[in-house]
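A closer look at the structure
What follows is the residue order along each chain.
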Amino acid sequence: MIMSNGYILVLVLKREEKQRGDDGDFSFHQPKFSFSERDYRRLPKLPRFAYLISGTKRDGPSIRRLLQAVYHPRNYYVLHLDLEASDSEQLELAKYVKLEGVIREFGNVMVIGKVDLVTYKGPL
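Our subject in this report is the structure included herewith.

What counts, and at which threshold
- Residues numbered from 1 in each chain as written.
- Predicted model: local features only at pLDDT ≥ 70, side-chain atom pairs only at ≥ 80, totals over all residues.
- Heavy atoms only, no water.
- Axes fitted to C-alpha atoms, helices over the stretch in contact; angles between N-to-C directions.
- Helix = DSSP H or I, 4+ residues; strand = E, 2+ residues; numbered from the N terminus.
- Parallel < 35°, antiparallel > 145°, perpendicular 65-115°, else oblique.
- Left-handed = near helix turned anticlockwise from the far one by under 90°.
- Contact = heavy atoms within 4.5 Å.
- Nonpolar A, V, L, I, M, F, W, Y, C, P; charged D, E, K, R; others polar.
- Phe/Tyr/Trp six-rings, centres within 6.5 Å; stacked < 30°, edge-to-face > 60°.
- Buried < 20%, exposed > 50% of the residue type's maximum accessible area, 1.4 Å probe, protein only.
- Lys NZ or Arg CZ within 6 Å of the ring centre and 35° of its normal.
- Pairing = 2+ DSSP bridges.

Moving on: the packing of helix H3 (residues 60-70) against helix H4 (residues 87-99). Interaxial distance between H3 and H4 falls to 10 Å at its minimum, and their mutual angle equals 20°. The pairing of H3 with H4 is recorded here as roughly parallel in orientation. For the pair H3 and H4, the crossing hand works out as right-handed. On H4, the residues touching Gly 60, Pro 61, Ile 63, Arg 64, Leu 67 and Gln 68 of H3 are Glu 89, Leu 93 and Tyr 96. Grouping the constituent residues of the contact of H3 with H4 by class yields five nonpolar, two polar and two charged.

If you want it as structure tokens, here you go:
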């Protein structure tokens with residue numbers, strides 16, 4: 001049922017293109033506004049944030065997903081797994097940060113190597 005609806009949607013879109021006379025060429029148009037260099041310098045600078053993302057045992061995959069969700073090259077990130085996390089989980093998180101292309105390029109994510117205990121109040 002889902003496949004047939006998707007197929008019908010494609011057919012409807014193709015038919016509309018032919019009625020409008022589109023040849024399928026997607027050319028980009030100049031925007032109706034433009035910023036000069038002088039106008040650009042007057043805009044406020046973007047802020048930079050620093051994040052401490054902390055977790056405990058079996059939180060490694062969640063920390064990676066959270067990092068991917070909030071990541072921006074201008075910001076800084078410190079990842080921390082506490083004493084309850086296994087050495088292999090800590091190593092996996094560190095390898096992820098080292099091998100992820102964008103993170104490696106900007107070098108703005110650090111993994112804490114010396115672990116300590118985390119409570120409901122945060123890292124101790």
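The next thing to look at is the packing of aromatic side chains. Any pair of aromatic rings gets described here by the distance separating the centres and the angle formed by the planes. Tallying each qualifying case throughout the model produces three aromatic pairs. Centre to centre, the rings of Phe 49 and Tyr 51 are 6.5 Å apart; their planes meet at 55°, and the pair counts as tilted. Residue class for Tyr 51 comes out partly exposed when judged on its relative accessible area of 30%. Relative to Tyr 77, the ring of Tyr 51 has its centre 5.1 Å away and its plane inclined at 5°; by these criteria the two rings are stacked. Taken together, the positions of Tyr 51 in strand S1 (residues 50-55) and Tyr 77 in strand S2 (residues 76-81) put the pair 26 residues apart, joining distant regions of the chain. Grouping aromatic residues by their ring pairs yields a cluster made of Phe 49, Tyr 51, Tyr 71 and Tyr 77. Geometry around Tyr 96 places Arg 64 over its ring, the cationic atom sitting 5.5 Å from the centre.

Another point: the pairing of S2. One ladder, built from six bridges, connects S1 with S2; its direction is parallel. Pairing of Ile 53 across the sheet is with Leu 79, part of S2. Summarising the sheet, S2 and strand S3 (residues 109-111) pair through three bridges and their orientation is parallel. Across the sheet, Tyr 77 pairs through a bridge with Val 109, a residue of S3.

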